[in-house]
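# Architecture at a glance
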Amino acid sequence: MDELPTEQADRALALQEMLVAMATGGSGIDPDYRLLRREFMERPDTANLLPQFVRVCRTLAAFWEWIKGQAPTYAERRIIIRQAFGPLLDHLEHGLAAPADGSISTALEAFDEPGVHKAWTKALERRFDDPEGAITLARTLLETVCKSIQDLQGTSTYSDDDDLPKLYRRTAELLNLAPSQHTEEAFKSILGSCQNIVSNIGTIRNKIGDAHGQGRRPVRPSPRHAALVVNLAGAMAMFLVETQAARQNDVSTVR
């Protein structure tokens, strides 16, 4: 293999293409893979943007054992790898990743409820190439978190027709996060603002997301709009799951 590039975005791309080659009948240089893997894992701004399979697979041989069980065709394997590298490459090439991306990824991955971390990861991947899809996924993320928390609380009363504001209000009440449940004005104001953010994420998704058709002059969000919506949704999702975890720990301690 040629000498590794010096630019960080190019090094990430080299890592991606090394894995694509390995997954499609080619080969790679294991020391180069381990060097790049360690490099991106040790950087605070890229550690949680690195694909999960890279973090788990310490060698190219380990990666091969993983990827061959994920998809039977070369084309499918290329898609899996290149989509997974999207957040890392967006961050290094365009600066779209926010400092909180890693913290949110860690919190949602630890929550471990079906669909939550997947929705977040997909939203991150689409911020640059598919802003409309990213905004839709931001709403999906919050809907999934709210439903998951209600399921964990054993008080699932939602239906398929419930919109995001209704789901959030019910979840906030269960977690004692509703503005009406507090008397301190500053705290009530903050929680009210959180409620407004969630409501507006639902609204902007209906206006400029990809869930509904538009007229002759459609409103097209830019990557920066998608980044704002996705990061706000991620911050709210992290707040909810960490509050749920704290309440569970309190109950366990009492018992």
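All figures in this text were calculated on a predicted structure; none of them were measured in a lab. Throughout this document, residue positions are counted from 1 along each chain, in the order its sequence is written. Where local features are concerned, this predicted model is filtered to residues with pLDDT of at least 70; where side-chain atom pairs are given and counted, the filter is 80 or more; whole-chain, interface and lining totals use all residues. To get the side-chain values, take all heavy atoms of the structure and skip hydrogens and water.

With that out of the way, let us pick up the packing of aromatic side chains. Centre distance within 6.5 Å is the pairing criterion for rings of Phe, Tyr and Trp, where only the six-membered ring of Trp is used; planes under 30 degrees apart are then read as stacked, over 60 as edge-to-face, and the remainder as tilted. What the rule picks out here adds up to 4 aromatic pairs. Here Phe53 and Phe63 contribute two aromatic rings whose centre-to-centre distance is 5.7 Å and whose plane-to-plane angle is 45°, an arrangement assigned as tilted. With Phe53 in helix α3 (residues 52-56) and Phe63 in helix α4 (residues 60-67), this pair connects stretches of sequence that are 10 residues apart. Neither Phe53 nor Phe63 differs from the other in exposure class; each is buried. Strands here are runs of E lasting at least two residues and helices are runs of H or I lasting at least four, both read from the DSSP assignment and numbered beginning at the N terminus. The buried label goes to any residue with under 20% of its type's maximum accessible area, the exposed label to any with over 50%, and the partly exposed label to all in between, with areas taken from a 1.4 Å probe on protein chains only.

Turning our attention to the pattern of salt bridges. Here, a salt bridge means any Lys or Arg side-chain nitrogen found within 4 Å of an Asp or Glu carboxyl oxygen. In total, this model carries 7 salt bridges according to the counting rule given. Across the pair Glu17 and Arg82 runs a salt bridge, and its minimum N-O distance is 2.8 Å. With Glu17 in helix α1 (residues 8-23) and Arg82 in helix α5 (residues 74-84), this pair connects stretches of sequence that are 65 residues apart. For Glu17, a relative accessible area of 30% corresponds to the partly exposed category.

One can find Tyr74 in helix α5. Residues Tyr74 and Thr24, 50 residues apart in the sequence, show an inter-C-alpha distance of 5.2 Å. Between two residues, a contact is recorded if the distance between any of their heavy atoms is within 4.5 Å. Sequence-distant contacts of Tyr74, defined by excluding residues within four places in its chain, comprise Ala23, Thr24 and Gly25.

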